[in-house]
Amino acid sequence: MPHIDVEMKALQDKLLEMWDLVEYQLAGGREALLNQDVVLAEKIMKLGRKVNRYDIKIDRQCENFIALFNPLAVDLRQVLASLKINNNLERIGDTAEGISRIVTKLKEPIPQELLDATRTSEMYEKALFMFSSTRKVFLSSNTAEARLILKQDKLLNKIYRQSDKVLAKYLREHPEQIEVGLHLYNLIKKLERVGDQTTNIAEEIIFYRDAKVVRHRVKKKKKGS
Amino acid sequence: MSKKNYKLQARDLNAYYGNFHALKGINIGMEEKAVTAFIGPSGCGKSTFLRTFNRMNDFIDGFRTEGDILLDGKDIYDKNIRVDELRKEVGMVFQKPNPFPKSIFENVVYGLKIQGIKNKAVLEETAEKSLRQAALWEEVKDNLNKSALALSGGQQQRLCIARALAISPSVLLMDEPASALDPISSAKIEELIYELKHEYTIVIVTHNMQQAGRVSDYTAFFYIGELVEFSKTRTLFTSPSDTRTQNYITGRFG
Ligand SMILES: Nc1ncnc2c1ncn2[C@@H]1O[C@H](COP(=O)(O)OP(=O)(O)OP(=O)(O)O)[C@@H](O)[C@H]1O
Ligand SMILES: [Mg+2]
């Protein structure tokens, strides 16, 4: 393997390790939420420090790669994408940490009927699925699949947009649950963010594989026509 | 091709060294006052192509071309074109600095003297202007009578650029002008190209991808006598459209 490919592979491997860590945080957060497992939630929060160390390490690796290899074309796009993917992974890790923090603040589990009415479990399921699909696409470079991930984010946005009304209705009927309701709304917002950040990663993969920028595409179209 | 007014243009250009087909059906148009870089593996025909623009290949036995080479829309292989007039318009700088074994001053004004210009004031004025343009003036102004061979490689190369500029061409062809220079001298040449492009149309052959990226507006990638890709430099180096270009610029050829 050419030297440049060896270094690129090392960078990719580091990203994948970080990916696993963040996936564990995200999936663990769901476990902790559904089982009201405070011990697990605290463990996930502690992992944040490890994720931050990866973040710094990968940033430095990208910096060295650019300085030493003067990458061009697909190599350049890949290292630029790696920087942004790293950044988004770190933020997803942060968000997962935030979800676990919510679990530690809950005094009792969120009532199942409320989770169902707001479609929170479904949303969490979908966010996790998107996240692990993105990792697969990162390895396979299948940008057609990456584009499907962008579409999936629409469902998360939809659930998020409807959740305030559903929650408000529920809380009018159960005013004693107001605190739980606030925590849940916060959680739903975080899941929506995970969807956005995962979408960012999928866009970066499309950028470096196909040399196409998919970000802000909708806005541009409107301006152009 | 479009109706654009190109400074330099090749149309269906084929070139041969005897039976060897060195350039294959090249079509390209280069804008005025822009820098175009030629890149490609050794032996792909960059120098051959560059030399067709001032008919440097005419000296070579068995060399012939088919198709057109146009300067300002005029065919430079036309019978009415005088090669010495053409070379006044199209200056050239070679890979290895090739100063004459004369003084710095005599080197710079060499072309003018050949043209029959004897007026001392004119010669001195042109020498200073050209040496300034080539960013060499400050280093040599007190030693203009020193032998050019006593200059460093980087200084010699800038002297050759000054010599090319002295006859006030409108096109400057540079064949790997910085390949034998240290990073500082090389950077000086690059700065110079950046300055010169306000007045000149420049074509530079280089094996240094970063250099091509820094100095040129357009880049042409050649491969075994063919022009594979010609586009804006920033496009070619970030998202080339041909895999051969990508393999070459990322160092994955062969
Ligand atoms: N005088 C000559 N006689 C015969 N063949 C020649 C002559 N000059 C060049 N060639 C051939 O033409 C092809 C193109 O040569 P050219 O010098 O243009 O390549 P190049 O792209 O400038 O390479 P490099 O990067 O090594 O300078 C080569 O195969 C070379 O062998
Ligand atoms: Mg050459």
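Numbers given for residues are sequential positions, taken from 1 along each chain in its written order. By the order in which they are written, chains take letters starting at A while ligands take numbers starting at 1. Restriction of local features to residues with pLDDT of at least 70 applies here, the model being predicted, together with a cutoff of 80 or more for giving and counting side-chain atom pairs; totals for whole chains, interfaces and linings are based on all residues. With hydrogens and water stripped out, all remaining heavy atoms of the structure feed into the side-chain values.

## What about the sheet that holds strand E10 (residues 226–232) of chain B?
Residue and element names in this part refer to chain B.
Step number 1: Here the rule is simple: two strands pair whenever DSSP picks up at least two bridges between them. Put simply, DSSP marks the helices as runs of H or I at least four residues long and the strands as runs of E at least two long, and each gets a number from the N terminus on. Taken together, the 6 strands give an open sheet; going across it, the order is E6-E7-E8-E3-E9-E10, and neighbouring strands pair in mixed fashion. Lying at the two open borders of the sheet, with one neighbouring strand each, are strand E6 (90–93) and E10. Across the sheet, the axes of successive neighbouring strands diverge by a mean angle of 15°, strand direction being ignored.
Step number 2: Bridging between strand E7 (residues 171–175) and strand E8 (residues 201–205) involves 5 bridges; their strand directions are parallel. Counterpart to Leu172 in the pairing with E8 is Ile202.
Step number 3: Residues are treated as being in contact if the distance between any of their heavy atoms lies within 4.5 Å. Here the axes come from fitting lines to C-alpha atoms, over the contacting stretch only for helices, and the angles between their N-to-C directions go from 0 to 180 degrees. Across the sheet, helix H6 (residues 153–166) is in contact with E6 and E7; its angle to E6 comes to roughly 170°.

## Here's the deal with the confidence of the model for chain B
Step number 1: The pLDDT value tells you how sure the predictor is about a given residue, anywhere from 0 up to 100. For chain B, the average pLDDT comes to 93, and 98% of its residues sit at 70 or higher.
Step number 2: On the interface metric, ipTM, the complex scores 0.71, and its pTM is 0.82.

## Points about helix H6 (residues 143–173) of chain A
Residue and element names in this part refer to chain A.
Step number 1: Expected span, for any helix, means 1.5 Å times one less than how many residues it has. Taking 1.5 Å of rise per residue, the 31 residues of H6 would be expected to cover 45 Å, and the 46 Å separating its terminal C-alpha atoms lies within 8% of that figure.
Step number 2: Bend at a given residue is defined as the angle between two axes, one fitted to the seven residues that end at that position and one fitted to the seven that begin there. Of all the bends in H6, the greatest measures close to 35° and is centred on Ser163.
Step number 3: Two N or O atoms count as a polar contact when they lie within 3.5 Å, although within protein this holds only if one can serve as hydrogen donor and the other as acceptor, and sequence-adjacent residues are included solely when both atoms are side-chain atoms. In this structure Asn142 caps H6, since a side-chain oxygen of it lies 3.1 Å from the backbone nitrogen of Ala144.

## Section: the interface of chain A and chain B
Step number 1: Each partner contributes to the interface: chain A provides 10 residues, whereas chain B provides 10 residues.
Step number 2: Between chain A and chain B, the buried area comes to about 830 Å², and carbon and sulfur atoms account for 55% of it.
Step number 3: Across the pair Arg252 of chain B and Asp75 of chain A runs a salt bridge whose closest N-O atoms are separated by 2.9 Å.
Step number 4: Joining chain A to chain B, the criterion identifies 6 residue pairs in polar contact (both at pLDDT 80 or more).
Step number 5: Among the elements of the structure, helix H1 (3–35) and helix H3 (73–105) of chain A are those that each provide at least two residues to the side of chain A that touches chain B.
Step number 6: Throughout, the ten residues Ala, Val, Leu, Ile, Met, Phe, Trp, Tyr, Cys and Pro are labelled nonpolar, Asp, Glu, Lys and Arg are labelled charged, and all others, Gly among them, are labelled polar. For the side of chain A that touches chain B, the class distribution of residues is 6 nonpolar, 1 polar and 3 charged. Buried area, as used here, totals the accessible surface that two parts lose on assembly, with accessibility defined by a 1.4 Å probe and the loss added over both. A carboxyl oxygen of Asp or Glu within 4 Å of a side-chain nitrogen of Lys or Arg is what we treat as a salt bridge.

## A few points about a positive patch on the surface
Step number 1: A contiguous patch of positive charge on the surface is contributed by Lys46, Arg49, Lys50 and Arg53 of chain A.
Step number 2: With respect to the helices, strands and loops of the structure, Lys50 of chain A is situated in helix H2 (residues 38–69). What goes into a patch is any residue over 30% in relative accessible area without a salt bridge, connected to like charges within 9 Å or, for nonpolar side chains (Val, Leu, Ile, Met, Phe, Trp, Tyr), within 5 Å. Each accessible area value is a Shrake-Rupley result obtained with a 1.4 Å probe; residue values ignore everything except the protein chains displayed when judging cover. Charged-residue counts in this description rest on Lys and Arg as positive and Asp and Glu as negative, His and the chain ends being excluded. Charge positions are represented by NZ for Lys, CZ for Arg, CG for Asp and CD for Glu.

## Some remarks on the packing of H2 of chain A against H3 of chain A
Residues and elements named next belong to chain A.
Step number 1: One can describe the packing of H2 onto H3 by two numbers: an axis separation of 9 Å at closest approach and a directional angle of 165°. The orientation of H2 with respect to H3, classified from their angle, is roughly antiparallel. Between H2 and H3 lies a crossing whose hand is left-handed.
Step number 2: Its residues placed into classes, the contact of H2 with H3 shows 14 nonpolar, 6 polar and 7 charged. Oblique is the label for every angle not falling under 35 degrees (roughly parallel), over 145 degrees (roughly antiparallel), or within 65 to 115 degrees (roughly perpendicular). Left-handed describes a crossing in which the near helix is turned anticlockwise from the far one by less than a right angle; the clockwise case is right-handed.

## Topic: the site of ligand 1
Residues and elements named next belong to chain B.
Step number 1: For each residue, the test is whether any non-hydrogen atom lies within 4 Å of the molecule or strand; if one does, the residue is near. In the neighbourhood of ligand 1, 13 residues make up the surrounding shell, with Ser42, Lys46, Ser47, Thr48 and His207 lying closest.
Step number 2: Ser42 places a side-chain nitrogen or oxygen 2.4 Å from an oxygen atom of ligand 1.
Step number 3: Note that an oxygen atom of ligand 1 is positioned 2.7 Å from one of the backbone N or O atoms of Gly43.
Step number 4: Notes on ligand 1: free accessible area 640 Å², of which the protein chains cover 64%.
Step number 5: With 3 residues, helix H1 (residues 46–52) is the largest single contributor of residues to the shell around ligand 1.
Step number 6: By residue class, the composition of the shell around ligand 1 is 5 nonpolar, 6 polar and 2 charged.

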